[in-house]
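# Structure assessment
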Amino acid sequence: MKSVVIKAMIAASCISAASFASSFEQEEKRFPESQYRHDVMEMSKLSLSGILQHFRGQANHEGHIAELADMMAKSAALSKATFAKDTRGTEGHTEAKDKIWDNWEDFASRMDAYAADTKAFAEAAKTGDPAVMRPAFGKAVKNCKSCHDEYRK
Ligand code: HEC
């Protein structure tokens, strides 16, 4: 009996994975240049949201802050490359200001600081000690607003 249930579950998950893949291929043509960098930024936002829920006691899962901090650091580490291509004048919704590519060195160094500070926070989060985590968290998330103020519409 058990094995029948398991087989049915495996079959169902294969079907849904296949249909997901084919709908994904069909949609692929619709992705504008800016989609991927939006997605990478969204990963950072979602990790940050999970961390805040833990800090505020709205979520409480052992070890999750450190895992979420790792996800945020990984997203940050991918971000600079997602802006490397100058997309001015290309189709698709974007909130990126044109001056990103006029001031690429400044923008890139902000991205490097963002990656370094989120990585430092991810290390601090492994200690599980709020006194160590909080200042590192504050430093990491300062990067979000200061860059958005300057480079996001
Ligand atoms: C060095 C600059 C920079 C840093 C640092 C940065 N962002 Fe962004 N972010 C941008 C830019 C530019 C856009 C607009 C991208 C676009 O629309 O093409 C953006 C867009 C976003 C978006 C909207 C997604 C979308 O639709 O484009 C979210 C959410 C976001 N950022 C979250 C964050 C969070 C959270 C952090 C910090 C943990 C962060 N960002 C750090 C530059 C930055």
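Scroll up to find the structure this text is about.
Keep in mind it's a predicted model, so treat the numbers as computed, not measured.

## Overview of the site of the ligand
Of all residues adjacent to the ligand, which total 22 residues, the nearest are Met-41, Thr-94, Cys-144, Cys-147 and His-148. One of the side-chain N or O atoms of His-38 is found 3.0 Å from an oxygen atom in the ligand. The backbone of Glu-95 places a nitrogen or oxygen atom 2.7 Å from an oxygen atom of the ligand. Here the ligand occupies the largest pocket.

## Comments concerning the side chain of Ser-44
Summarising the element assignment, Ser-44 is placed in helix 2 (residues 35–55). Ignoring sequence-local partners within four residues, the contact set of Ser-44 consists of Met-72, Ser-75 and Tyr-114.

## A word on the coordination of the iron atom of the ligand
Ideal geometry at a metal centre gives angles of 109.5 degrees when four donors are arranged tetrahedrally and 90 or 180 degrees when six donors are arranged octahedrally. Coordination sphere of the iron atom of the ligand, protein contribution only: Met-41 (SD) and His-148 (NE2), at 2.1 to 2.3 Å. Bound by 6 donor atoms, the iron atom of the ligand shows angles of 84 to 179° at the metal and therefore octahedral coordination geometry. Taken as a pair, Met-41 in helix 2 and His-148 in helix 6 (residues 130–151) lie far apart in primary sequence, 107 residues in all. Exposure remark for His-148: the relative accessible area of 25% places this residue in the partly exposed category.

## Focus on the pattern of salt bridges
Here the idea is simple: oppositely charged side chains can pair when their charged atoms come close. Using the criterion set out here, one finds 11 salt bridges in the structure. Its salt-bridge partner being Lys-99, residue Glu-150 comes within 2.9 Å of it at the nearest N-O pair. Of the two residues, Glu-150 sits in helix 6 while Lys-99 sits in helix 4 (residues 99–102), which places them 51 residues apart along the sequence. Classification of Lys-99 by relative accessible area gives partly exposed; the value is 27%. The partner of Asp-117 in a salt bridge is Lys-139, and the shortest N-O contact between them spans 3.8 Å.

## A closer look at the packing of helix 5 (residues 104–127) against helix 6
Viewed as axis vectors pointing N to C, helix 5 and helix 6 meet at an angle of 160°, and their least axial separation amounts to 8 Å. By the angle between their directions, the pair helix 5 and helix 6 is classed as roughly antiparallel. In this structure, helix 5 crosses over helix 6, and the sense of that crossing is left-handed. Counting all contacts with helix 5, which are made through Asp-106, Phe-107, Arg-110, Ala-113, Tyr-114, Asp-117, Thr-118, Phe-121, Ala-124, Ala-125 and Thr-127, the residues of helix 6 involved are Val-132, Met-133, Ala-136, Phe-137, Lys-139, Ala-140, Asn-143, Ser-146, Cys-147, Glu-150 and Tyr-151. Of the residues in the contact of helix 5 with helix 6, the class split is 13 nonpolar, 4 polar and 5 charged.

Each value, and the rule that gives it
Residues numbered from 1 in each chain as written. Predicted model: local features only at pLDDT ≥ 70, side-chain atom pairs only at ≥ 80, totals over all residues. Heavy atoms only, no water. Near = heavy atom within 4 Å. Polar contact = N/O pair within 3.5 Å; in protein donor to acceptor, adjacent residues only side chain to side chain. 1 Å grid on protein atoms, 1.4 Å probe; cavity = no way out; pocket = protein on both sides within 12 Å on 5 of 7 lines; lining within 4 Å. Sits in = over half its atoms within 2 Å of the grid points. Helix = DSSP H or I, 4+ residues; strand = E, 2+ residues; numbered from the N terminus. Contact = heavy atoms within 4.5 Å. Donors = N, O, S within 2.8 Å, 3.2 Å for Na, K, Ca; no water. Tetrahedral: all angles 85-135°; square planar, octahedral: opposite > 155°, others 65-115°. Buried < 20%, exposed > 50% of the residue type's maximum accessible area, 1.4 Å probe, protein only. Salt bridge = Lys/Arg side-chain N within 4 Å of Asp/Glu carboxyl O. Axes fitted to C-alpha atoms, helices over the stretch in contact; angles between N-to-C directions. Parallel < 35°, antiparallel > 145°, perpendicular 65-115°, else oblique. Left-handed = near helix turned anticlockwise from the far one by under 90°. Nonpolar A, V, L, I, M, F, W, Y, C, P; charged D, E, K, R; others polar.

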